[in-house]
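Structural features, examined
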Amino acid sequence: SFMESPAERYADHPLLTPRGALMVANSGEAERLDAFMEEMQRPDVLSRVDAARCKEICPALRQDQLSGGVHEPLAMDIDVHGMLQGFVRVFRGLGGRVVGDAEVTAIERGGDGFRIETSAGVFRAEIVINAAGAWASAVGAMAGATPIELTPCRRSAAVVPAPP
């Protein structure tokens, strides 16, 4: 509900936009769709569709090259930029400070919190939020956290009008 109707201090608009999603499989790969449906176990939001229905949903597809798809009509886009800017605005309003482009070089935990050495100076905090993405395991290890295996993946999406 927060994403659909955020408090005004976070955003002046819904952070979700209806989009729908269709995952397709090439001819001969129907078993991959079945495996996906089995793994997800969400028949309440996902439905297995044939190649003809895939073509109806996305006319740009070549029906003759599809085994079918999995349709999630309730999938939505998140306004990630708007959401993050809202969090930053509220954080700053509460007295927080955001420091960018500051490589963390050491973290020491003491009785009064953390001492964080960075390329932008030394900071102290009672709470540290590790938002280092693909480097989170290395940053966490500096603070004494048990390392976790993370595999960095580059993902991107482009939302463009479908061809006629």
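Provided above is the structure to which this section pertains.
What you are looking at is a predicted structure, and each value in this text was computed from that prediction instead of being measured.

Bringing the sheet that holds strand β2 (residues 21-26) into the picture now. Hydrogen bonds along the backbone pair up the strands of a sheet, which may run parallel or antiparallel. The strand order β2-β4-β3 describes an open sheet built from 3 strands, whose pairing is antiparallel. Each end of this open sheet is capped by a strand with a single partner; those strands are β2 and β3 (47-49). Neighbour-to-neighbour, the strand axes of the sheet open up by a mean angle of 25°, direction not taken into account. As paired elements, β2 and strand β4 (residues 66-72) share 6 bridges and run antiparallel to each other. Considered in β4, the bridge of A21 is made with E72.

Moving on to the sheet that holds strand β6 (residues 104-110). Ordered by their spatial adjacency, 3 strands build an open sheet running β6-β7-β8, and the pairing between neighbours is antiparallel. Each edge of the open sheet is held by one strand with a lone partner, namely β6 and β8 (121-125). Across the sheet, the mean angle separating the axes of adjacent strands is 15° when strand polarity is ignored. For β6 and strand β7 (residues 113-118), the ladder comprises 6 bridges, and the chain directions are antiparallel. Its bridge partner lying in β7, I107 is registered against I116.

A complete count under the given rule lists 7 salt bridges for this structure. As a salt-bridge pair, R32 and E29 come within 3.6 Å of each other at their nearest N and O atoms. In this structure R32 comes out as exposed when scored by relative accessible area, which is 56%.

What follows deals with the environment of L33. Secondary-structure assignment places L33 in helix α1 (residues 30-40). Between the C-alpha atoms of L33 and A136, which are 103 residues apart in sequence, the distance is 32 Å. Not counting the four nearest positions on each side in its chain, L33 is found in contact with M23, V24, A25, R48, G68, G69 and V70.

A few words now on a nonpolar patch on the surface. A contiguous nonpolar surface patch, about 420 Å² in accessible area, is contributed by F2, I78, V80, L84 and F87. The element that contributes the greatest number of residues to the nonpolar patch is helix α3 (residues 80-93), accounting for 3 residues. Relative to the assigned elements, F87 resides in helix α3. Owing to a relative accessible area of 39%, F87 belongs among the partly exposed residues under this scheme.

Now for the layout of surface pockets. Estimates place the volume of the largest pocket at around 1100 Å³. What lines the largest pocket is a set of 22 residues, among which F91, R97, V98, V99 and I129 lie closest to the centre. Counting residues per element, the ones that place at least two in the lining of the largest pocket are α3, β6, β7 and β8. Of the residues belonging to the lining of the largest pocket, the class tally is 18 nonpolar, 2 polar and 2 charged. Considered as a void within the structure, the second largest pocket measures approximately 430 Å³ in volume. In terms of lining residues, the second largest pocket is bounded by 15 residues, among which R19, G20, A21, L22 and V159 are the most central. Of all the secondary-structure elements, those providing two or more residues to the lining of the second largest pocket are β2 and β5 (76-78). If you tally residues by element for the lining of the second largest pocket, the top one is β2, at 3 residues. The residue makeup of the lining of the second largest pocket, split by class, is 11 nonpolar, 2 polar and 2 charged.

Parameters and conventions
- Residues numbered from 1 in each chain as written.
- Predicted model: local features only at pLDDT ≥ 70, side-chain atom pairs only at ≥ 80, totals over all residues.
- Heavy atoms only, no water.
- Pairing = 2+ DSSP bridges.
- Helix = DSSP H or I, 4+ residues; strand = E, 2+ residues; numbered from the N terminus.
- Axes fitted to C-alpha atoms, helices over the stretch in contact; angles between N-to-C directions.
- Salt bridge = Lys/Arg side-chain N within 4 Å of Asp/Glu carboxyl O.
- Buried < 20%, exposed > 50% of the residue type's maximum accessible area, 1.4 Å probe, protein only.
- Contact = heavy atoms within 4.5 Å.
- Patch = residues over 30% accessible without salt bridge, like charges linked within 9 Å, V, L, I, M, F, W, Y side chains within 5 Å.
- Areas by Shrake-Rupley, 256 points an atom, 1.4 Å probe, with all protein chains shown as cover.
- 1 Å grid on protein atoms, 1.4 Å probe; cavity = no way out; pocket = protein on both sides within 12 Å on 5 of 7 lines; lining within 4 Å.
- Points joined across faces, edges and corners; volume = space filled by probe spheres on them.
- Nonpolar A, V, L, I, M, F, W, Y, C, P; charged D, E, K, R; others polar.

Everything listed here is a matter of coordinates, which is why it stays silent on function.
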